[in-house]
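What follows is each chain in one-letter form.
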Amino acid sequence: MFAIKSDKDINGLIEKFRQGGSKQELGEYIKSKLNAEQGRKLDEILGDENKLNEILNSPKAKELLKKIKGEDDGQH
């Protein structure tokens, strides 16, 4: 769904979070990586608490949050 596909894109996103950017700046960064349709879908997801919770509880989201926090599970 998202144009963020490579480790470079993910690392850029993680670095933005670590730099402590505002929510607006982070949102703009993410949206800059999406096409118009993907941006619309993101807005739809962010507006639906059930969809958002489902995504945030996914294994990939949990892995991303660990990376953002700088946590390592010892498996890398």
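Residues numbered from 1 in each chain as written. Predicted model: local features only at pLDDT ≥ 70, side-chain atom pairs only at ≥ 80, totals over all residues. Heavy atoms only, no water.

Quick look at the overall build of the protein now. Broken down by element type, the protein carries five helices and zero strands. Reading the helices (α) and strands (β) of the protein from amino to carboxyl end gives α-α-α-α-α. Here the protein holds 76 residues, and 17% of them are scored as buried. Carbon and sulfur atoms form 50% of the exposed surface of the protein, whose accessible area is close to 5900 Å². (Helix = DSSP H or I, 4+ residues; strand = E, 2+ residues; numbered from the N terminus. Buried < 20%, exposed > 50% of the residue type's maximum accessible area, 1.4 Å probe, protein only. Areas by Shrake-Rupley, 256 points an atom, 1.4 Å probe, with all protein chains shown as cover.)

If you walk through the whole model with that rule in mind, you get five salt bridges. Note that Lys31 and Asp43 form a salt bridge whose closest N and O atoms lie 2.7 Å from each other. Separated by 12 residues along the polypeptide, Lys31 in helix α2 (residues 23–32) and Asp43 in helix α3 (residues 36–46) bring together distant segments of the chain. Exposure remark for Asp43: the relative accessible area of 41% places this residue in the partly exposed category. The closest approach of N and O atoms between Arg40 and Glu44, which form a salt bridge, is 3.0 Å. Taken together, the residues Arg40 and Glu44, both in helix α3 and four residues apart, mark about one turn of the helix. The exposure class assigned to Glu44 is partly exposed, which follows from its relative accessible area of 39%. Through salt bridges with shared partners, one network takes in Glu37, Arg40, Glu44 and Lys51. (Salt bridge = Lys/Arg side-chain N within 4 Å of Asp/Glu carboxyl O.)

Another point: the packing of α3 against helix α4 (residues 49–56). What describes two packed helices is the angle between their axes and the distance between those same axes. Across the interface, α3 lies against α4 with an axial gap of 6 Å and an inter-helix angle of 100°. One finds that α3 runs roughly perpendicular with respect to α4. Across the interface between the two elements, Glu44, Ile45 and Leu46 of α3 pack against Lys51, Leu52 and Ile55 of α4. A per-class count over the contact of α3 with α4 returns four nonpolar, no polar and two charged. (Axes fitted to C-alpha atoms, helices over the stretch in contact; angles between N-to-C directions. Parallel < 35°, antiparallel > 145°, perpendicular 65-115°, else oblique. Contact = heavy atoms within 4.5 Å. Nonpolar A, V, L, I, M, F, W, Y, C, P; charged D, E, K, R; others polar.)

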